[in-house]
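Below, each chain spelled out in residue letters.
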Amino acid sequence: MERRQQWLRGVLDLCVLGALTRGESYGYEIGQRLEAGGLGPIAGGTLYPALLRLERLGLVVADWRAGDGGPSRKYYRLSAEGKATLASAGADWAVFVGNVNAIMEVP
Amino acid sequence: MTVDDWLAAFAAELRRRRVDPAALVAEAATHLRDSGRAPLQVFGPPAAYAVTLVDSLRGATAELRRAPSGEPRLEATKIIKRYGRSTVLHGVDLRVHAGETVAIIGANGSGKSTLLRICAGLISPDSGHVRIRGTLGYCPQDGGTADFLTADEHFVLVGAGRGSSRTEARAQGRTAAAALDWPRPGTSGVARQLSGGTRQKLNLVLAGLGDPDVLLLDEPYQGFDNGSYLDFWQQVWRWRDAGKAVVVVTHRLGELDRADAVLDLTPGSPR
Amino acid sequence: MRILTVAEMALREISRRRGVLILLALLPLAFYYSRRGEAYWQSVRFVSLGIGWTLSTAALFAGNAARTIEPRLRLSGYATHELYLGRLAALWTVGLTLIVPYFLLIRLDLDVRYGAVALILLLTVAVAAPFGLALSALLPRELEGMLVLLTVVAMQMMLDPETTVAHALPFWFSREIGTYAIENPADPHLMTRGTIHATITLAVLISMVAITSTIRLRRRPHMSLAAQ
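Because the structure is predicted, anything quoted here is derived from the model rather than measured.

Quick look at the overall build of chain C
Okay, so step 1: A count of helical and extended segments in chain C gives 10 helices and 1 strand.
Okay, so step 2: Taken from the N to the C terminus, the helices and strands of chain C come in the order α-α-α-α-α-α-α-α-α-α-β.
Okay, so step 3: Residue burial in chain C is summarised as follows: out of 228 residues, 49% are buried.
Okay, so step 4: Expressed as a percentage of contacts within chain C between residues at least 6 apart in sequence, the contacts between residues at least 24 apart total 75%.
Okay, so step 5: Here chain C has roughly 10,400 Å² of accessible surface; of this, 68% comes from carbon and sulfur atoms.

Here we look at the side chain of Glu27 of chain B
Okay, so step 1: Locating Glu27 of chain B in the fold gives a position in helix α2 (residues 22-35).
Okay, so step 2: Here Glu27 of chain B is buried and forms no salt bridge, its nearest opposite-charge partner Lys74 of chain A lying at an N-O distance of 4.2 Å.
Okay, so step 3: In contact with Glu27 of chain B, not counting residues within four places along its chain, are Tyr48, Trp64, Lys74 and Tyr76 of chain A.

Considering the interface of chain C and chain B
Okay, so step 1: On the chain B side, the residues contacting the 28 residues of chain C number 40 residues.
Okay, so step 2: Between chain C and chain B, a total of about 2,900 Å² is buried, with carbon and sulfur atoms accounting for 55% of that surface.
Okay, so step 3: Three residues, Arg72, Leu75 and His222 of chain C, lead the burial of chain C against chain B; their summed loss comes to 25% of the area buried on that side.
Okay, so step 4: On the surface where chain C and chain B come into contact, there are 3 salt bridges.
Okay, so step 5: Between Glu153 of chain B and Arg16 of chain C there is a salt bridge whose closest N-O contact spans 2.8 Å.
Okay, so step 6: Taken together, the connections running from chain C to chain B amount to 21 residue pairs in polar contact (both at pLDDT 80 or more).
Okay, so step 7: Where the side of chain C that touches chain B is concerned, the elements lending two or more residues are α1 (2-15), α4 (70-75) and β1 (223-226) of chain C.
Okay, so step 8: If you tally residues by element for the side of chain C that touches chain B, the top one is α1 of chain C, at 7 residues.
Okay, so step 9: When the residues that make up the side of chain C that touches chain B are grouped by side-chain class, the tally is 12 nonpolar, 7 polar and 9 charged.
Okay, so step 10: Two strands pair when backbone bridges link them, and strand β4 (residues 127-133) of chain B and β1 of chain C are joined in this way by 4 bridges, in the parallel orientation. In the strand pairing of β1 of chain C, Val130 of chain B is matched with Met223 of chain C.

What to know about the interface of chain B and chain A
Okay, so step 1: Opposite the 18 residues of chain B that make contact, chain A presents 17 residues.
Okay, so step 2: Counting the surface lost from both chain B and chain A, the interface buries some 1,500 Å², and carbon and sulfur atoms represent 63% of this.
Okay, so step 3: Across the chain B-chain A interface, the total number found is 1 salt bridge.
Okay, so step 4: Between Arg73 of chain A and Asp34 of chain B there is a salt bridge whose closest N-O contact spans 2.6 Å.
Okay, so step 5: In this structure, the connection of chain B to chain A is made through 9 residue pairs in polar contact (both at pLDDT 80 or more).
Okay, so step 6: Elements that contribute at least two residues to the side of chain B that touches chain A include exactly α2 and α4 (46-58) of chain B.

Things to note about the packing of helix α3 (residues 44-56) of chain A against α4 of chain B
Okay, so step 1: Where α3 of chain A meets α4 of chain B, the closest approach of the two axes is 8 Å, and the angle between their N-to-C directions is 15°. Taken together, the axis directions place α3 of chain A and α4 of chain B in an arrangement best described as roughly parallel. In this structure, α3 of chain A crosses over α4 of chain B, and the sense of that crossing is right-handed. Mapping the contact onto sequence places Gly44, Gly45, Tyr48, Pro49, Leu52, Arg53 and Arg56 of chain A in α3 of chain A and Tyr49, Thr52, Leu53, Ser56, Leu57 and Arg58 of chain B in α4 of chain B.
Okay, so step 2: Considering only residue class, the contact of α3 of chain A with α4 of chain B consists of 6 nonpolar, 4 polar and 3 charged.

Concerning a nonpolar patch on the surface
Okay, so step 1: A cluster of nonpolar side chains, namely Leu138, Ile196, Ile200, Val204 and Met208 of chain C, defines an oily patch on the protein surface of about 440 Å² accessible area.
Okay, so step 2: Along the chain, Leu138 of chain C falls in helix α6 (residues 114-138).

Regarding the packing of aromatic side chains
Okay, so step 1: By the definition in use, this model includes 16 aromatic pairs over all chains.
Okay, so step 2: An aromatic cluster of three or more residues is present, and its members are Tyr48 of chain A together with Trp6, Phe10, Phe43 and Tyr49 of chain B.
Okay, so step 3: We note Arg107 of chain C situated over the ring of Tyr114 of chain C; from NZ or CZ to the ring centre the distance is 4.5 Å.
Okay, so step 4: Taking NZ or CZ as reference, Arg113 of chain C lies 4.9 Å from the ring centre of Tyr180 of chain C, over its face.

Topic: the confidence of the model for chain B
Okay, so step 1: Mean pLDDT over chain B: 86, with 93% of residues reaching 70 or higher.
Okay, so step 2: A low-confidence stretch, residues 61-66 of chain B (pLDDT under 50), is modelled with 10 contacts involving residues beyond four sequence positions or located in other chains.

Points about the sheet that holds β4 of chain B
Okay, so step 1: With respect to topology, 4 strands assemble into an open sheet ordered β2(B)-β1(B)-β4(B)-β1(C), the strand pairing being mixed. With partners counted over all chains shown, the strands left at the sheet margins are β2 (86-96) of chain B together with β1 of chain C, one partner each. For this sheet, the mean angle separating the axes of adjacent strands, direction not counted, is 15°.
Okay, so step 2: Sitting on the sheet, helix α5 (residues 112-120) of chain B is in contact with β1 (74-83), β2 and β4 of chain B together with β1 of chain C, with an inclination near 125° to β1 of chain B.

Focus on the sheet that holds strand β3 (residues 73-78) of chain A
Hydrogen bonds between backbone atoms are what pair the strands of a sheet, whose relative direction is either parallel or antiparallel.
All names here are of chain A.
Okay, so step 1: Ordered in space as β1-β3-β2, the 3 strands form an open sheet in which the pairing is antiparallel. If you trace the sheet from one side to the other, it starts and ends with β1 (25-26) and β2 (60-65), each paired once.
Okay, so step 2: Sheet topology note: the β2/β3 ladder contains 6 bridges and is antiparallel. Bridged to Ala62 within β3 is Tyr76.

A few points about unusual backbone geometry
Residue and element names in this part refer to chain B.
Okay, so step 1: Although it is not a glycine, Asp211 sits at a positive phi angle of roughly 55°.
Okay, so step 2: Among the structural elements, Asp211 can be located in the loop between α8 (196-208) and β6 (214-218).
Okay, so step 3: Overall, Asp211 belongs to the partly exposed group, its relative accessible area being 45%.
Okay, so step 4: In this model, Glu219 sits at a positive phi of 35°, which is unusual for a non-glycine residue.
Okay, so step 5: Within the secondary structure layout, Glu219 lies in the loop between β6 and α9 (226-241).
Okay, so step 6: For Glu219, a relative accessible area of 7% gives the class buried.

Rules used in this analysis
- Residues numbered from 1 in each chain as written.
- Chains lettered and ligands numbered in written order.
- Predicted model: local features only at pLDDT ≥ 70, side-chain atom pairs only at ≥ 80, totals over all residues.
- Heavy atoms only, no water.
- Helix = DSSP H or I, 4+ residues; strand = E, 2+ residues; numbered from the N terminus.
- Buried < 20%, exposed > 50% of the residue type's maximum accessible area, 1.4 Å probe, protein only.
- Contact = heavy atoms within 4.5 Å.
- Areas by Shrake-Rupley, 256 points an atom, 1.4 Å probe, with all protein chains shown as cover.
- Lys, Arg positive; Asp, Glu negative; His and termini not counted.
- Salt bridge = Lys/Arg side-chain N within 4 Å of Asp/Glu carboxyl O.
- Buried area = accessible area lost by both parts, 1.4 Å probe.
- Polar contact = N/O pair within 3.5 Å; in protein donor to acceptor, adjacent residues only side chain to side chain.
- Nonpolar A, V, L, I, M, F, W, Y, C, P; charged D, E, K, R; others polar.
- Pairing = 2+ DSSP bridges.
- Axes fitted to C-alpha atoms, helices over the stretch in contact; angles between N-to-C directions.
- Parallel < 35°, antiparallel > 145°, perpendicular 65-115°, else oblique.
- Left-handed = near helix turned anticlockwise from the far one by under 90°.
- Patch = residues over 30% accessible without salt bridge, like charges linked within 9 Å, V, L, I, M, F, W, Y side chains within 5 Å.
- Phe/Tyr/Trp six-rings, centres within 6.5 Å; stacked < 30°, edge-to-face > 60°.
- Lys NZ or Arg CZ within 6 Å of the ring centre and 35° of its normal.
- pLDDT = per-residue confidence, 0-100.

Here it is in structure tokens:
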């Protein structure tokens, strides 16, 4: 459990970017997507700081939409840099995982 | 803790850190409504969450600044200085704690440089007392360097006074010079060959050499270009964050909102 | 030791002032040859005066140059005595280096008492350095200091050595010991008197340097400093 948390801390930003390739979304729903993808429940206290960092770095763009019959929500979507970063970081990640698997002799 | 209480505490923490709370509170409130779970479970304590968010917003590590506490590093009490028949300083008080920056402003002739020289112990006041806790560094508007020595030799000479070895002193001097946009002080030749602005950078680096606890800076940016002037203030804030007490005499009022306190020596202004 | 660091940097400073170095090297030579003709025995005295004058000048300039940086060095932790002793050590080193070729010149060129000559040269160097530093402490600018030096050297050459005023001149001993060096038979009292004069002058001048520096760089009464 501890180890998983550490791994997640390293890739959460990229997973958020990945979750947005399907289309724009708001904070709670992004958390749902990540959980459905098998990462387990992501606490709001972890998710929103990650979203703010990505926004500050220009990898996601956000705006507020009036909800249908509900409160306005802040919607996030990938920027061009975000797409590019996801692609290159994804490639790095694949190489990294491959090496780790080889070293640990994962069958 | 109810949702409303948590949101109110969260908003207060954000406001304390000079961040507009509206958007962040709204987003948190919507999330809590969607998830239906307790805020402490979802976000944790409001103060800690506020700090994490602010760090993400600003891209900085957790604030190192401590609120001024304990004994002040520099304490000047009731300083009076007369030149002939005119009184330049009328009983001035100045208190600077570790991790604090104080800006001293005032018109020409209002005694800013005189006050700083008195605090550095270079001249005597007619009455009053100065107490320093720790080591002291002083940077005048000009001077303080030797015409025929190179920058490295200055670093070694001043560093030896503070007990630094030659290598330490040179490394510290060169690093500090680079932070002021002076990348290769080792190749610059002797001090009299330096341009005015670069020579002042040497002056400033020497003032900070050996990590003194109190820094007294008298408009040390004479001759700096705009970029170096900004680098100078970055260095001031780095010094402050490292726990030093920094006093800057300045007539450039634009930076005042970044100083922790301002002392205005213009006659007639409240002290 | 910090005194050595001060001395090293003072030496580096002097070695970069080409004009001063050339003066130091050649002016005493000019003095030497000015008397080399008929009154060759005067050469010893004149060359020592030349060395005294140029070394005092070098000390005057060194002392003035140090004034802007010494307050900073004090703040950085140097004790006042480390500063003036280091500077004196550097100037004495320069002086000692200077007198070696001149001693060799006299050794090869003249037939005089070489022990006494060596003593004159050593005492001249010893006195000249604090003399120049004391002048820089008492007089604000190099110009006034140079004028005083000129006056002293001129009076040294022209005054009758038996007068009281002449006794007050810092290099009076060079004439006394100089006479001993060249006269035959010579009165050993001259050596004694000259050495005593030089010793007293040296003590007075070093004290002046120490006192003026200590006053100028003192910890002022309105300041109290604590370690933390």
